[in-house]
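Structural features, examined
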Amino acid sequence: MSARADVVIIGAGIAGVAAAHALTAGYGLDKVVVIDPRPPLSLTSDKSTECYRNYWPNREMTELMIRSIDLLNQYSGESGESIGLNRRGYLYVTADPGALEALLESAQRSAEFGSGPVRIHTTPDHYGEAEDGFDVLANATTLHALFPYLTERALGALHVRRAGWLSAQQLGRWMLDRSYQHGAQLIVDEVLGIEIAGRRVKGVQLASGRKIRAGVVVNAAGPLSPGVALMAGVDLPVFSEMHLKVAFKEHLGIVPRDAPMIIWSDPQRLDWTADERSELERQGRSDVTGDMPVFCHGRPEGGEDSPYLLSLWDYHATVTSPVWPLEDDPLYPEVVMRGMATMVPGLTRYLDHLPHAVVDGGYYSKTRENRPLIGPAGPEGFFLVAAMSGFGVMVAAGAADLVARHITDDSLPSYSDAFLLSRYEDPAYLAEIEAADQSGQL
């Protein structure tokens with residue numbers, strides 16, 4: 001049995017759902033089919049911290065993210081504020097004068113790309129809400145007057161203002177419902193093959209035996225996107241890293257419910273006792289006894305009455321083939337709580353008896369320079385919305401808008417070429433990423 005569609009989207013994660021929404025509600029296509037053997041947004045999209053920011057180390061990512069955040073704000077209004085979008089910001093905290101200077105320099109660089117002005121505060125006076133840009137809290141007195149729950153060791157911070165979080169599930173549900181209203185269809189099935197004739201996509205073969213004829217196929221399969229691309233003869237330079245997160249029932253209320261996303265920007269060494277350190281090393285867990293990486297971070301989760309603190313620390317960064325269920329790390333809640341307590345000392349009250357915690361996670365699907373792949377690749381009619389790493393929720397709307405422009409031959413923004421697979425054919429680009437000293441993700 002076969003059917004026909006204008007576009008087949010492989011994957012019902014946030015990337016695929018956003019692409020369906022852009023093509024149907026945005027561009028008027030009414031024969032769009034999304035295919036996934038799992039429920040929508042259930043593989044990786046609902047396993048993130050669900051945050052967004054316009055703070056990036058290069059112009060193209062900044063401009064793409066600004067477009068995406070503009071769309072998120074539009075969708076928030078159109079949905080009756082149902083997606084839980086806020087603008088609490090990201091607060092990068094440091095106890096290192098050199099790191100504070102580096103944060104200032106990175107903010108100034110991002111400001112040049114359109115993220116808004118940099119404001120330096122030496123006193124807490126007149127520090128209020130801001131729609132955009134960056135606030136640099138230049139000394140400990142200013143920082144602690146505004147955020148008294150942070151460690152006295154901290155001497156400054158960078159507050160990214162066009163940043164915050166939202167509900168990925170609510171956003172995805174709203175986009176999916178609008179897609180249905182405009183004719184999209186979801187098929188619960190697995191794509192086993194992509195039919196190609198004369199270097200052009202002709203359709204897909206499903207595990208159920210069905211065939212769907214379509215001149216456009218979009219690979220939005222998240223961590224499974226390399227395997228899907230191979231069906232079209234396309235080799236993606238993409239790998240997967242396992243990442244976990246933990247939600248603590250922070251019943252003592254140490255972190256205020258109106259706190260921003262708080263991020264410890266310094267390396268640290270956890271305060272294990274000598275006996276604990278010895279036992280951990282005996283168990284082969286030297287990964288948590290030595291120098292630990294930067295960016296242990298967390299934020300309040302839920303409404304004003306919720307006791308939950310959502311926290312994440314990517315100290316694993318394990319490159320692996322995606323498998324489910326994820327490998328368990330029984331130490332993860334304690335390690336993350338200890339890391340967060342470095343920044344928020346009040347959390348040490350939980351170390352003798354950890355609160356109830358729920359751990360989940362997924363995979364960051366990444367290119368080497370941590371820049372997504374968006375646009376045509378391989379045979380005519382084959383498109384990518386892939387390698388969206390740890391920023392899939394925040395970039396989904398902008399990435400979907402961009403791939404929809406490619407598919408419908410609409411005008412393309414100036415940043416579009418930066419996300420094509422063909423960028424790896426440019427020797428100058430390869431030299432640029434070879435020389436880069438940063439991952440592309442702040």
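Quick note: structure is the one above.
Calculation rules
In this convention, every chain numbers its residues from 1, walking through the sequence in written order. Per-residue local features are limited, in this predicted model, to residues with pLDDT of at least 70; the limit for side-chain atom pairs, both in listing and counting, is 80 or more; totals at the level of whole chains, interfaces and linings are taken over all residues. The side-chain quantities take in all heavy atoms of the structure and omit both hydrogens and water. Runs of E in the DSSP output that reach at least two residues are strands. Runs of H or I that reach at least four are helices, and both are numbered from the N terminus. What the globule rule says is 2.2 Å times the number of residues to the power 0.38, and the radius of gyration is computed from C-alpha atoms. Only protein chains enter the area calculation, which uses a 1.4 Å probe; residues under 20% of their type maximum are buried, those over 50% are exposed, and those in between are partly exposed. In what follows, residue pairs with any heavy atoms lying within 4.5 Å of each other are defined as contacts. Here the expected length of a helix is defined as 1.5 Å per residue gap, with one fewer gap than residues. Two strands are counted as paired when DSSP detects at least two bridges linking them. Lines fitted to C-alpha atoms define the axes, with helix axes restricted to the stretch in contact, and inter-axis angles between N-to-C directions lie between 0 and 180 degrees. We define a salt bridge as a contact between a side-chain nitrogen of Lys or Arg and a carboxyl oxygen of Asp or Glu at a distance within 4 Å. Definition used in this section: a nonpolar core is a set of buried Ala, Val, Leu, Ile, Met, Phe, Trp, Tyr and Cys residues joined via side-chain atoms within 4.5 Å. A pair of aromatic rings is counted whenever rings of Phe, Tyr or Trp (Trp by its six-membered ring) have centres within 6.5 Å, and the orientation is called stacked for planes under 30 degrees apart, edge-to-face for over 60 and tilted otherwise. For a Lys NZ or an Arg CZ to count as sitting over a ring, it must be within 6 Å of the ring centre and within 35 degrees of the ring normal. Here a polar contact is recorded for every N or O atom pair within 3.5 Å, except that within protein the pair must consist of a potential hydrogen donor and a potential acceptor, and residues adjacent in sequence are included only if both atoms are side-chain atoms. Throughout, the term roughly parallel applies to angles under 35 degrees, roughly antiparallel to angles over 145, roughly perpendicular to angles from 65 to 115, and oblique to all others. Nonpolar residues are Ala, Val, Leu, Ile, Met, Phe, Trp, Tyr, Cys and Pro. Charged residues are Asp, Glu, Lys and Arg, and all others, Gly as well, are polar.

A short note on the overall build of the protein chain
Tallying secondary structure elements over the protein chain gives 10 helices and 22 strands in all. Whereas a compact globule of 442 residues would reach a radius of gyration of roughly 22 Å, the protein chain reaches 22 Å, a difference of no more than 12%. For the protein chain, the spread of C-alpha atoms along the three principal axes comes to 65 × 50 × 50 Å. Each of the 442 residues in the protein chain was classed as buried or not, and the buried ones make up 55%. Taking all contacts inside the protein chain whose residues are at least 6 apart in sequence as the whole, residues at least 24 apart take part in 73%.

Let's talk about helix α5 (residues 168-181)
For α5, with 14 residues, the first-to-last C-alpha span of 20 Å sits near the 20 Å given by 1.5 Å per residue. Residues of α5 that are buried: A168, L171, G172, W174, M175, L176 and S179. Those residues of α5 that are buried lie in contact with α1 (14-26), α2 (59-78) and α9 (392-408).

Re the sheet that holds strand β22 (residues 382-386)
Within the open sheet, the 6 strands sit side by side as β10-β3-β2-β14-β22-β21. Their pairing is mixed. Looking along the sheet, the strands with just one partner apiece sit at the ends: β10 (185-187) and β21 (373-376). Between one strand and the next, the sheet's axes are offset by a mean angle of 20 degrees, whatever the strand orientation. Relative to strand β14 (residues 216-219), strand β2 (residues 7-10) runs parallel, the two being bridged by 4 bridges.

Remarks on α1
Judged by how many residues are buried, α1 sits mostly within the fold: 11 of 13 residues are covered. Contacts from the buried residues of α1 go to β2, β3 (32-35), α2, α5, β22 and α9. Looking one or two residues beyond α1, the residue adopting positive phi is G28, at roughly 80 degrees.

Digging into the pattern of salt bridges
With the rule as written, the count across this model stands at 25 salt bridges. For E279, the salt bridge is made with R282, and the minimal N-O distance between the two is 2.6 Å. A residue pair is termed a helical-turn pair when its members lie 3 or 4 positions apart in one helix, as E279 and R282 do in helix α7 (residues 274-282) at 3 residues. According to the relative accessible area criterion, E279 is partly exposed, its value standing at 32%.

Thoughts on the nonpolar core
Membership of the largest hydrophobic core comes to 69 residues, with the highest contact counts inside it found for V7, I9, Y90 and L158. It is α9 that contributes the most residues to this core, 11 residues altogether. Beyond its immediate sequence surroundings of up to four residues, L158 is in contact with Y55, Y90, L91, Y92, L103, A107, F134, D135 and V136. Counting residues in each nonpolar core, the second largest holds 43 residues, with Y149, A157, L347 and Y363 among its members.

Structural notes on the packing of aromatic side chains
Per the counting criterion, the structure on display carries 11 aromatic pairs. For the pair Y75 and W174, a centre-to-centre distance of 5.3 Å together with 40 degrees between the ring planes defines the contact as tilted. Linking Y75 in helix α2 with W174 in helix α5, this pair joins segments that are 99 residues apart in sequence. A single burial state applies to Y75 and to W174, both of which are buried. Every member of this aromatic cluster is reached through a ring pair, and the members are Y55, Y90, Y92, F134 and F295. Lying over the aromatic face of F419, R371 brings its terminal NZ or CZ to 5.9 Å of the ring centre.

Some details on the side chain of R162
Along the chain, R162 falls in the loop between β8 (156-160) and β9 (163-165). Judged by its relative accessible area of 10%, R162 is buried. Among the polar contacts made by the side chain of R162, one reaches the side chain of D70 at a distance of 2.7 Å. Apart from residues lying up to four places away in sequence, R162 is in contact with Y52, R53, N54, I66, I69, D70, N73, R87, E131, D132 and G133.

Thoughts on unusual backbone geometry
Even without being glycine, R199 reaches a positive phi, approximately 60 degrees. Considering the arrangement of structural elements, one finds R199 in the loop between β11 (191-197) and β12 (200-206). Even without a glycine there, the phi angle at F295 is positive, about 70 degrees. Its location among the elements puts F295 in the loop between α7 and β17 (296-301).

Some words on the environment of P117
Along the chain, the position of P117 falls in the loop between α3 (97-115) and β6 (118-121). Non-local contacts of P117, meaning those with residues more than four positions away in its chain, are made with G133 and F134.

Some words on the pairing of β8
Among the 5 residues that make up β8, 5 are buried, leaving the element largely enclosed by the rest of the structure. Across the two faces of β8 the burial is the same, with G156, L158 and V160 and A157 and H159 all buried. With 5 bridges joining them, strand β5 (residues 90-94) and β8 adopt antiparallel strand pairing. By the bridge assignment, T94 is partnered in β8 with G156.

As for the pairing of strand β16 (residues 261-264)
Because side chains alternate across β16, one face comprises the buried residues M261 and I263, and the other comprises I262 and W264, equally buried. As paired strands, β5 and β16 are joined by 4 bridges and run parallel to one another. Looking at β16, one finds that Y92 is bridged to I263.

With respect to the packing of α2 against α5
As a packed pair, α2 and α5 sit with axes 11 Å apart at the nearest point and diverge in direction by 75 degrees. Put simply, α2 runs roughly perpendicular to α5. Taken together, the residues of α5 that come into contact with α2 (itself represented by L72, Y75 and E78) are L171, W174, M175 and R178. Its residues placed into classes, the contact of α2 with α5 shows 5 nonpolar, no polar and 2 charged.

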